[in-house]
Amino acid sequence: TASYSQILSLTIPASNTFTVRPNPVKQTLYVHGKKDFAKPIQVELYDLSGKMLLSNLEFKNDFSIDVTSLKTGVYILKLNNGYDVEQQVYKVIKQ
């Protein structure tokens, strides 16, 4: 027979594997990966209605996103670390 122990607590640490700046942003959003990633990094930008505005693959830990064509408002940036299936989601404010 199998026996199982009860899980008393589970802590999942917040992972800040990217730095996204400046935020709020006017023209260019800079993304810095804090560690070497399994490439590529999937970059997706959404408006608050869920419409995808950008879908791109990046092969460097440091890259930029031109947001000059976006209207003033709040957007969601999703960064997915390729093969490691590590996803970070950021709220980006466009001025």
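These numbers come from a predicted model, not from an experiment.

> How should the nonpolar core be read in this particular structure?
In globular proteins that are soluble, nonpolar side chains generally tend to be buried together. V31, I65, L77 and L79 are the most contacted members of the largest nonpolar core, which totals 17 residues. When contributions to this core are tallied by element, the ones reaching two or more residues are strand 1 (18–21), strand 2 (28–33), strand 3 (41–47), strand 5 (62–66), strand 6 (73–81) and strand 7 (87–94).

> Honestly, the packing of aromatic side chains in this entry has me stumped. Any pointers?
The description of an aromatic ring pair rests on the distance of the ring centres and on the angle between the ring planes. Summed over all chains, the structure comprises zero aromatic pairs. Over the aromatic face of Y46 sits the side chain of K78, whose NZ or CZ is 5.0 Å from the ring centroid.

> I tried to follow unusual backbone geometry on my own but got confused; where do I start?
Backbone phi values are negative for most residues with the exception of glycine, while trans is the configuration of most peptide bonds. P22 follows R21 through a cis peptide bond whose omega is -15°. Within the secondary structure, P22 is located in the loop between strand 1 and strand 2.

> Please clarify how the pairing of strand 1 should be interpreted in this entry.
Each regular strand shows side chains that alternate between the opposite faces of the sheet. Here strand 1 shows one buried face, formed by F18 and V20, and one open face, formed by T19 and R21. The pairing of strand 1 with strand 2 spans four bridges and is antiparallel. Each residue of the ladder has a partner; that of F18, found in strand 2, is G33. Between strand 1 and strand 2, which pair antiparallel in sequence order, lie six residues.

> Help me understand the side chain of D47 in this model?
Secondary-structure assignment places D47 in strand 3. There is no salt bridge for the buried D47, and the closest opposite charge comes from K51, which lies 5.7 Å off by N-O distance. A distance of 2.7 Å separates a polar atom in the side chain of D47 from a polar atom in the side chain of S49. Apart from the residues within four sequence positions on either side, D47 is in contact with L53 and Y75.

> Which parts of the structure should I look at to understand the confidence of the model for the protein chain?
When pLDDT is low, close inspection of the predicted coordinates is not appropriate. Per-residue confidence for the protein chain gives a mean pLDDT of 84; residues scoring 70 or more make up 77%. Highest mean pLDDT in the protein chain belongs to strand 5 (95); lowest belongs to strand 1 (90). The low-confidence segment residues 9–13 (pLDDT under 50) makes zero contacts with residues lying over four places distant or belonging to another chain.

> Teacher, can you tell me more about the side chain of E58 here?
In this fold, E58 is placed in strand 4 (residues 52–58). One buried charged residue, E58, forms no salt bridge at all, with the nearest opposite charge on K60 at 7.3 Å. Separated by 3.2 Å, the side chains of E58 and N56 make a polar contact. If sequence neighbours within four positions are ignored, E58 has contacts with P40, I41, V43 and F63.

Thresholds applied
Residue numbers run consecutively from 1 along every chain, following the written order of its sequence. Reporting of local features is limited, given that this is a predicted model, to residues whose pLDDT is at least 70; pairs of side-chain atoms are given and counted only at 80 or more, and all residues count toward the totals for whole chains, interfaces and linings. Heavy atoms throughout the structure, all of them, feed into the side-chain values; hydrogens and water do not. Residues belong to one nonpolar core when they are buried, are Ala, Val, Leu, Ile, Met, Phe, Trp, Tyr or Cys, and are joined through side-chain atoms within 4.5 Å. Exposure classes here rest on a 1.4 Å probe applied to the protein chains alone. A residue is buried below 20% of its type maximum, exposed above 50%, and partly exposed in between. Working definition: helices are DSSP H or I runs of at least four residues, strands are E runs of at least two. Numbering for both runs from the N terminus. Classification of ring pairs rests on two measures: the distance between centres of Phe, Tyr or Trp rings, Trp counted by its six-membered ring, which must be within 6.5 Å, and the angle between planes, read as stacked under 30 degrees, edge-to-face over 60 and tilted in between. To sit over a ring, a charge needs its Lys NZ or Arg CZ within 6 Å of the ring centre and within 35 degrees of the ring normal. When DSSP locates at least two bridges between a pair of strands, those strands are taken to pair. The charge count treats Lys and Arg as positive and Asp and Glu as negative. His and the chain ends do not count. The working definition used for a salt bridge is a side-chain nitrogen of Lys or Arg within 4 Å of a carboxyl oxygen of Asp or Glu. For the purposes of these results, a polar contact is taken to be a pair of N or O atoms within 3.5 Å, where, inside protein, one atom must be able to donate a hydrogen and its partner to accept one; residues adjacent in sequence count only when each atom of the pair is a side-chain atom. We call two residues in contact when some of their heavy atoms are within 4.5 Å. Confidence per residue, as judged by the predictor, is encoded in pLDDT with a range of 0 to 100.

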